[in-house]
Amino acid sequence: MIQSSLTELAAALQGKLVSSVELTRACLSRIDTLNPTLNAFITVDHEGALAAARAADERIAAGNAGPLTGIPLAHKDVFCTEGLRTSCASKMLDNFVSPYDAHVVSQLKAAGAVLVGKTNMDEFAMGSSNENTYYGPTRNAWQQDRVAGGSSGGSAVAVAARMVPMATGTDTGGSVRQPAAMNGVTGIKPTYGVVSRYGMIAYASSLDQGGAFGRSAQDCALLLSAMAGFDPRDSTSIDRPAEDYTRDLDKPLAGLRIGLPTEFFADGMDADVRLAIDAAIAKYRELGATTVEVSLPNAKLAIPAYYVIAPAEASSNLSRFDGVRYGHRAEGYDSLESMYEKSRAEGFGAEVKRRILVGTYVLSHGYYDAYYLKAQKLRRLIAQDFQKAFEQCDVIAGPTSPTVAWAIGEKSDDPVQMYLQDIYTIAVNLAGLPGLSLPCGTGANDLPVGLQLIGNYFDEARLLQTAHGFQQATDWHLRSPELG
Ligand code: GLN
């Protein structure tokens, strides 16, 4: 059962071959067995999950179940859940219980999905390895001395280790795609504005976007269809009709034009990753797609632009955590100012503090034009490059990450090395485009490699179709680590 697709699970539930309570218990017991090692979950809600499963079983019995009713789900701990702790993997919010649900959370509750728990992540979604967390690093599902990838590492590992069949994440610069790649699962980040940010704790608001993890593109399509949709409570939510992202899955790949950016295939990619990516591209050609070289000349500026814009927004967003309105308050202060200072000094981890300092600096008077404004101009150029490339192709393909998962601790002392891991993913967020990562092979130490597909605005259905076509012809997405 733990290897079944969402479609198979839904059919089994609706055919009464299994109940949601049984399915939920199976997931909870797998989590109880594996989580002490993998550390993918920060909070597991046994009681709440079983109550939701019982309600789902009643709904199924009454004949009004949807495709996700009764299916266990995990949320990244960045999504506010009413009555269940939302920590953002920070000491600052270790004791925070939200009085309301994020839009994504309420959408999935309405769909009848069963929330089993909240997953580990980099603190406030800042990181690429899932090591920047108050609760200890999440471990890669395939090799436990390796990083999970980040920032949504817990969700990727939870799906890869078959602890849950589906999970949510967020992607500001690659945080859905990169951990999906490193754990051999599929993950999609839609066009900016497709998934409401209401109740999703903000890191860099103009880049943050909720996304979906599943074992396959088909599973991601089902989950994304339930998460997405207009929400008037998020001013950047896009007012478009809801979509069924499974609608094009079975369209053939023949005639699809895949753009291969020169810059993605120059230096930078490890040789083992390159082999797997080249093989995947060859497979696409075999399946009837054509490839064309495209250019993203400004993509190399994406990391510097991002590390001005994202910290700038973060420094503003995180100012709300002051020991008064939310979260941790230090003891033993002697003035209002020292209370703020001590609370923030104690509550935030080193990477979060680094970003706040950088963000405050680039926004300060005298530096704003030199850094922030310049970065915004680069952002526009990067978005224009993509539009030009899409004149020649339907989707863009390349690696998700330049390397397979590295050893825990290996890059933690070198922030710049860590930032460079997002070299292929970050430009997509700056442009607001949809991106997907699917498992396409293995590299050194048999660790998973992810192929990244990038689409034009609102082309999620085509990205999912492109991934699904590959998954119909290959079995990388069906492989799972041997665990417990
Ligand atoms: N690794 C990037 C960062 O640290 C992206 C993280 C994300 O997408 N949330 O900011």
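Please refer to the structure higher up on the page.
Structure report, in brief. Starting from 1, residues in each chain are numbered consecutively following that chain's sequence as written. With the structure being a predicted model, the display of local features is reserved for residues of pLDDT at least 70 and the display and counting of side-chain atom pairs for 80 or more, all residues being used for whole-chain, interface and lining totals. To obtain the side-chain values, all non-hydrogen atoms of the structure were included, while hydrogens and water were left out.

1. A word on helix α10 (residues 336–347)
Threshold: Numbering of helices and strands runs from the N terminus, with a helix taken as a DSSP run of H or I at least four residues long and a strand as a DSSP run of E at least two residues long. An expected span of 1.5 Å times one less than the residue number is assigned to each helix. Buried means the residue's accessible area, taken with a 1.4 Å probe over protein chains only, is under 20% of the maximum for its type, while exposed means over 50%, and partly exposed covers the values in between. Working note: the arc is built from the helix axis to C-beta atom directions.
Taking 1.5 Å as the rise per residue, α10 with 12 residues should run 16 Å; its terminal C-alpha atoms sit 16 Å apart, in good agreement. Those residues of α10 lying buried are Ser338, Met339, Ser343 and Gly347. The buried side chains of α10 occupy one side of the element, clustering within an arc of 145° when seen end-on.

2. Structural notes on the nonpolar core
Cut-off, in case you're wondering: We define a nonpolar core as any set of buried Ala, Val, Leu, Ile, Met, Phe, Trp, Tyr and Cys residues linked to one another through side-chain atoms lying within 4.5 Å. Residues count as neighbours in contact if any of their non-hydrogen atoms are within 4.5 Å of one another.
Phe124 and Phe386 are the most contacted members of the largest nonpolar core, which has 121 residues in total. In terms of residue count, helix α9 (residues 302–317) provides more of this core than any other element does, 10 residues in total. The contacts of Phe124, once residues within four sequence positions are left out, are Cys88, Ser90, Met92, Leu93, Ile201, Tyr203, Leu318, Phe321, Phe348 and Val352. By size, the runner-up hydrophobic cluster in this structure holds 30 residues, among which are Ala148, Met163, Ala167 and Val176.

3. Concerning α9
If you check α9, its first and last C-alpha atoms are 22 Å apart, about what 16 residues at 1.5 Å a residue would give, namely 22 Å. For α9, the buried fraction is high: 14 of the 16 residues fall into the buried class.

4. Brief notes about the environment of Glu47
Mapped onto the fold, Glu47 is located in helix α3 (residues 46–61). Counting along the chain gives 25 residues from Glu47 to Glu22, while the straight-line C-alpha distance between them is 14 Å.

5. Overview of the packing of α9 against helix α12 (residues 369–389)
The condition is simple: Simply put, an axis is a line fit to the C-alpha atoms, just over the touching stretch for a helix, and the angle between two N-to-C directions goes from 0 to 180 degrees. In what follows, roughly perpendicular refers to angles from 65 to 115 degrees, roughly parallel to angles under 35, roughly antiparallel to angles over 145, and oblique to any angle outside these ranges. Helix crossings get a hand from a simple test, with the near helix turned counterclockwise from the far one by less than a right angle marking a left-handed crossing and a clockwise turn marking a right-handed one. Only Asp, Glu, Lys and Arg are considered charged, only Ala, Val, Leu, Ile, Met, Phe, Trp, Tyr, Cys and Pro nonpolar, and every remaining residue, Gly among them, polar.
Viewed as axis vectors pointing N to C, α9 and α12 meet at an angle of 125°, and their least axial separation amounts to 9 Å. The orientation of α9 relative to α12 falls into the category oblique. As α9 packs across α12, the resulting crossing turns out to be left-handed. For the pair formed by α9 and α12, the contact residues are Ala302, Ala305, Val308, Ile309, Ala312 and Glu313 on the first element and Tyr371, Tyr372, Ala375, Gln376, Leu378, Arg379 and Ile382 on the second. For the contact of α9 with α12, the class distribution of residues is 10 nonpolar, one polar and two charged.

6. What about the pattern of salt bridges?
Where we set the bar: In what follows, salt bridge is the name for a side-chain nitrogen of Lys or Arg lying within 4 Å of a carboxyl oxygen of Asp or Glu.
All told, the structure shown has 19 salt bridges when counted by the stated rule. Salt-bridge contacts for Arg85 lead to Asp94; the nearest nitrogen and oxygen are separated by 2.8 Å. Residue Glu243 pairs with Arg240 through a salt bridge whose shortest N-O separation is 2.9 Å. The exposure class of Arg240 is partly exposed, given its relative accessible area of 33%. It is possible to trace a salt-bridge network through shared partners that takes in Arg240, Glu243, Arg247, Asp248 and Lys251.

7. Some details on the side chain of Thr86
Formally: Any N or O atom pair separated by 3.5 Å or less is treated as a polar contact, with the protein-specific requirement of one donor-capable and one acceptor-capable atom, and with residues adjacent in sequence counted only for side-chain atom pairs.
Topologically, Thr86 is positioned in the loop between β2 (72–76) and α4 (103–110). Residue classification places Thr86 among the buried residues on the basis of a relative accessible area of 0%. Only 3.5 Å separates the side chain of Thr86 from the backbone oxygen of Phe79, close enough to count as a polar contact. When residues no more than four places from it in sequence are discounted, the contact partners of Thr86 are Asp77, Val78, Phe79, Cys80, Thr81, Leu93, Phe96, Ser98, Lys118 and Ile201.

8. Notes on unusual backbone geometry
Cis geometry is adopted by the peptide bond preceding Ser151, which originates at Gly150 and carries an omega value of 5°. Assignment of secondary structure puts Ser151 in the loop between β3 (114–119) and α5 (153–160). Even without glycine at this site, Ala89 takes up a positive phi of about 55°. Tracing the chain through its elements places Ala89 in the loop between β2 and α4.

9. What about the sheet that holds β3?
To keep things clear, this is the line we draw: Note on pairing: DSSP must find at least two bridges between two strands before they are called paired.
In space, the 11 strands of this open sheet follow the order β1-β3-β2-β4-β6-β5-β10-β11-β9-β7-β8, with mixed pairing throughout. A strand with exactly one partner marks an edge of an open sheet, and here the two such strands are β1 (41–44) and β8 (290–294). Across the sheet, the mean angle from the axis of one strand to that of its neighbour is 30°, orientation sign disregarded. As defined by bridge partners, β1 adjoins β3 across three bridges and the pair is classed as antiparallel. Its bridge partner being in β3, Val44 is matched across the sheet by Gly117. Packing against the sheet, helix α15 (residues 460–473) makes contact with β5 (186–189), β9 (395–399), β10 (435–442) and β11 (448–455), and its axis sits at approximately 15° to β10.

10. Thoughts on the pairing of strand β7 (residues 257–261)
Heads up, the rule is: A clockwise course of the path from the first strand over the helix to the second, judged with the strands pointing away from the viewer, identifies a crossover as right-handed.
Along β7, four of the five residues are buried, which leaves the element largely enclosed by surrounding structure. The pairing of β7 with β8 spans five bridges and is classified as parallel. Directly across from Leu260, in β8, lies its bridge partner Glu293. As for the winding sense of the linkage, the β-α-β connection from β7 through helix α8 (residues 271–286) to β8 is right-handed. Alignment of β7 against β9, held across two bridges, turns out to be parallel. Residue Ile258 lies in a different strand from β9, and its bridge partner there is Val395.

11. Focus: the site of the ligand
Which entries qualify depends on this criterion: Residue proximity to a molecule or strand is established when one non-hydrogen atom of the residue lies within 4 Å of it. The method behind every accessible area is Shrake-Rupley, applied with a 1.4 Å probe, and residues are considered shielded solely by the protein chains displayed.
In the vicinity of the ligand lie 15 residues, with Gly173, Ser175, Tyr203, Tyr306 and Asp422 positioned nearest. Take Gly127: an N or O atom from its main chain is 2.9 Å from an oxygen atom of the ligand. Between an oxygen atom of the ligand and a side-chain N or O atom of Tyr203, the distance comes to 2.6 Å. For the ligand, whose accessible area on its own is 290 Å², the fraction buried by protein is 100%. Taken together, the residues of the shell around the ligand sort by class into five nonpolar, seven polar and three charged.

Such coordinate-based values are descriptive only and should not be taken to indicate function.
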